[in-house]
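Residues per chain, in single letters:
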Amino acid sequence: MLKPTVFDQITDKAPGYYVVVGLLAVAIAIGLVSAYTMETSGHHITGMSNRIVWGMPHVFAVFLIVAASGALNAASISSVFGRTFYKPLARISGVTSIALLIGGLSVLVLDLGRPDRLIVAMTTYNFKSIFAWNIFLYTGFMVIVVVYLWMMMERRMARFTKAAGMTAFLWRLALTTGTGSIFGFLVARQAYDAAIMAPLFIAMSLSLGMAVFTLVLFSIFWWSGKPIGSTISQRLGRLLGILIAAVLYFVIAQHLTNLYATEHHGIERFILIDGGVYTHLFWWGQILIGSLIPMYLLFKMAKCPCMVMGAAGLVIVGGFAQIYVIIIGGQAYPLLMFPGMEVTSSFFDGGIAAYAPSLPEVLLGLGGGAIALLGIALAVKTLPVLPHSLANADIDPDYTPPPEPEPEPEKEEAAGEDDEAPEAAASS
Amino acid sequence: MSKCAKHCPEIAPNDAQNAIDPGRRRLLAGAGALTTLMLAPGVSLMMSGAVEARPAGVAASAKIRWGILIDVSKCPDGCDLCVTACKDENGWQETGRAETNVQWIRKVTLKDKNTGAIKTLPFMCQHCAEPPCVDVCPTGASFKRADGIVLVDKHTCIGCRYCMMACPYAARSFVHEQVTNQKPHAPRGKGTVESCTMCVHRVDKGQIPACVEACTKAGNRTMIFGDLNDPNSEIAKAAGQHLTTRIRADLGLDPGILYSGL
């Protein structure tokens, strides 16, 4: 029988906490200065143009927003699917989710041509626009997760936790459906205009969010010297591996469907074969570094938290590559206005659009990431959201302590058993 | 006989009264010629379909569907009078940075991949009846007037560029830098999106768009502006004589810009 989970804040054992907070604050300040420069000078100082209208800020924003939804995985599995193993992770899961969403939305808003008109966006709606729906989906998600956290952390409200968790779970599905549909509803562009964008984005949110959450969780535990065992590493690692496979499934389905239709052969050739940087990012970034290598690490070596952290890092790199290919690559491929014709104009019609990320864009995006990390850092310092321990004995109801070493005379036999033990554990 | 003439015998038609002496005829002819000269800018109006001014305070009418018919066969290679006229009229200009230049109208060159045939044509916002830019705009800044002209409300555009992602024609431009040489009738602003307004300020005054006027004045007569809903308009008659093409007709957006000879 497990003892009830004890939650606490990050302890003073975390070295250089205020240095880290300070560095994040500097990164945020740099991001804000970049946004200010972009607004005052105009977007011509960025790599974006009238052909590539969404650039690096959108890659960062979409990554953070999609990951925000997926960071709630642990809480959802605990509250909605009743898996008590994940209950100790639910609070930090909710905190990470909100922080990522705030970071992503900050980037999105600060990249607007007129960020000063945010009040217009919040008060004037065109309800036929999926963007307008998303404003409600994002703000609503934040409110729901805050309430959900309250239910989890306030003993008197604990009975509402399941209802709040279910609401948050359904809402996050709607949120990622909405985010995917931003692209799925674009009938004009060859790379988008597909219903599969919605489930693809849901799968991406599960995988990327899980990767960010795992990396954040393990990093905090490692940083603050809290105990963490192989069981949690193995469970989260294997789950992440399965979620990567789910994303791969949708990616394969997306491209196979396109490859079947002749009208999409152009865009498929561009992404898969001769799209230059986009092709490299797809195969090396998304597929190899972001999917196959982490899957190998997670299914073979998940008992080691370091391996899981490494794999999660690779998934994040692959996720950025994937979103870059979707957003930038999708725009770089020319609009099909005159099928069968070679098109040229002063507006670069008919050609592959050039794009090189600029420093202000990247710094703004990194600033958004820093906002998310600062939010997490402040929360773990001030709120009891971290489980006291993730050692095997504290979280695994089936945990049995390792047998005491046998006496000296049986040294050779004991050594033989030790060699077999890891294989037995892995196969179980 | 008019109703007035019926009740007023003193001004009833009378052969003697109606007879015009030669001197008076010459005077009237001279006055007519002078009037025609004075109305020279508007002469193309008659050539390109009659346009009535919209009185101030009266909403645009859904009975009208403004459109432009472009006869590609008459569009000379190398001619960009329509582009220049649009720049002059609406105050947009090149910035020296090609990728971020604002372009409300551009000349597009098409080359048939199979036959090698080459043709150029003017290309701008297609003023769709079902505009995707209007559908996706979160604030409703992109809107379509009742008479079919698609515009951007410069006060509520937040510069998200989703309309640019959604437009199948790459017809919209984001203003990437500070604007100068603004015209009172065509307000512009850094950080917002803009596109061809079909010279709505002129159309509301009973004039035709600047591009059409320039094209007609030069004698090319590539473009005809008018009310597509009026079967007696020149544009409706011309469109009825030939098969016309709507770009990306497969999307079902029903553009107000029609092309013939494509």
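For clarity, every value in this text was computed on a predicted model and none was experimentally measured.

**Student:** Would you mind showing me how to read the overall build of chain A here?
**Tutor:** Scanning chain A from terminus to terminus reveals 15 helices and three strands. A compact globule built from 428 residues should have a C-alpha radius of gyration of about 22 Å, and chain A, at 23 Å, falls within 12% of that. Principal axes of the C-alpha set define a box for chain A whose edges measure 85 × 45 × 40 Å. Of all 428 residues assigned to chain A, the portion counted as buried reaches 50%. Across chain A, the fraction of contacts at a sequence separation of at least 24, relative to all contacts at a separation of at least 6, is 79%.

**Student:** Just to check I follow, could you spell out the overall build of chain B for this structure?
**Tutor:** Across its full length, chain B carries 10 helices and 10 strands. The buried share among the 262 residues of chain B stands at 44%.

**Student:** Got a minute to help me understand the pairing of strand S1 (residues 66–71) of chain B in this structure?
**Tutor:** Look at any regular strand and the pattern is simple: side chains alternate between the two faces of the sheet. All names here are of chain B. The element S1 is largely enclosed, with a buried count of six among its six residues. Pairing geometry for S1 and strand S8 (residues 223–227), over five bridges, is antiparallel. Directly across from Gly-67, in S8, lies its bridge partner Gly-226. Bridge analysis of S1 against strand S10 (residues 257–260) gives four bridges, and the strand direction is parallel. Looking at S10, one finds that Ile-68 is bridged to Ile-257.

**Student:** I keep staring at the pairing of strand S3 (residues 118–124) of chain B and nothing clicks. Help me out?
**Tutor:** Residues and elements named next belong to chain B. The pairing of strand S2 (residues 105–112) with S3 spans seven bridges and is antiparallel. Paired with Lys-111 across the two strands is Ile-118, which belongs to S3. The turn linking S2 back onto S3 is made up of five residues, and Gly-116 within it adopts a positive phi angle of 85 degrees.

**Student:** What is the right way to look at the confidence of the model for chain B in this model?
**Tutor:** Low pLDDT means the predicted coordinates in that region are not meant to be read closely. Residue and element names in this part refer to chain B. Averaged over all residues, the pLDDT of chain B equals 85, while 81% of them reach at least 70. Note on residues 1–20: pLDDT is under 50 here. Beyond four places in sequence and across chains, it has seven contacts. Counting contacts from residues 33–49, a segment whose pLDDT is below 50, to residues more than four positions away or on other chains yields 25 contacts. Predicted as a complex, the structure gets a pTM of 0.87 and an ipTM equal to 0.89.

**Student:** For this particular structure, what's the right way to read unusual backbone geometry?
**Tutor:** Negative phi characterises most residues that are not glycine, and trans characterises most peptide bonds. Its identity as a non-glycine residue notwithstanding, Asp-193 of chain A has a phi of 50 degrees, on the positive side. Relative to the assigned elements, Asp-193 of chain A resides in the loop between helix H7 (161–184) and helix H8 (197–224). You can call Asp-193 of chain A partly exposed: it has 16 C-beta atoms within 10 Å. Backbone geometry places Cys-199 of chain B, a non-glycine residue, at a positive phi of 50 degrees. Examined against the element boundaries, Cys-199 of chain B turns out to sit in the loop between strand S7 (193–194) and helix H8 (200–203).

**Student:** Just to check I follow, could you spell out the sheet that holds strand S2 (residues 341–345) of chain A for this structure?
**Tutor:** If you walk across this open sheet you meet the three strands as S2(A)-S2(B)-S3(B), and the pairing is antiparallel. Strand pairing shows two members of the sheet lacking a second neighbour, S2 of chain A together with S3 of chain B, which therefore form its edges. Along the sheet, successive strands turn relative to each other by an average axial angle of 30 degrees, direction set aside. Across five bridges, the pairing between S2 of chain A and S2 of chain B is antiparallel. The residue bridging Thr-344 of chain A from the neighbouring strand is Thr-109 of chain B, located in S2 of chain B.

**Student:** Can you walk me through the interface of chain B and chain A in this structure?
**Tutor:** How big an interface is tends to be stated in terms of accessible area lost as the parts join. The interface of chain B with chain A comprises 44 residues on the first partner and 39 residues on the second. Contributing elements (two or more residues each) for the side of chain B that touches chain A: S2, helix H6 (132–136), helix H7 (162–166) and strand S6 (173–174) of chain B. In terms of residues, the side of chain B that touches chain A owes the most to one element, S2 of chain B, which gives seven residues. Split into classes, the residues belonging to the side of chain B that touches chain A amount to 20 nonpolar, 12 polar and 12 charged.

What counts, and where the lines are drawn
- Residues numbered from 1 in each chain as written.
- Chains lettered and ligands numbered in written order.
- Predicted model: local features only at pLDDT ≥ 70, side-chain atom pairs only at ≥ 80, totals over all residues.
- Helix = DSSP H or I, 4+ residues; strand = E, 2+ residues; numbered from the N terminus.
- Rg over C-alpha atoms; globule rule 2.2 N^0.38 Å.
- Buried ≥ 20, exposed ≤ 12 C-beta atoms within 10 Å, placed from the backbone.
- Contact = placed C-beta atoms within 7 Å.
- Pairing = 2+ DSSP bridges.
- pLDDT = per-residue confidence, 0-100.
- Axes fitted to C-alpha atoms, helices over the stretch in contact; angles between N-to-C directions.
- Nonpolar A, V, L, I, M, F, W, Y, C, P; charged D, E, K, R; others polar.

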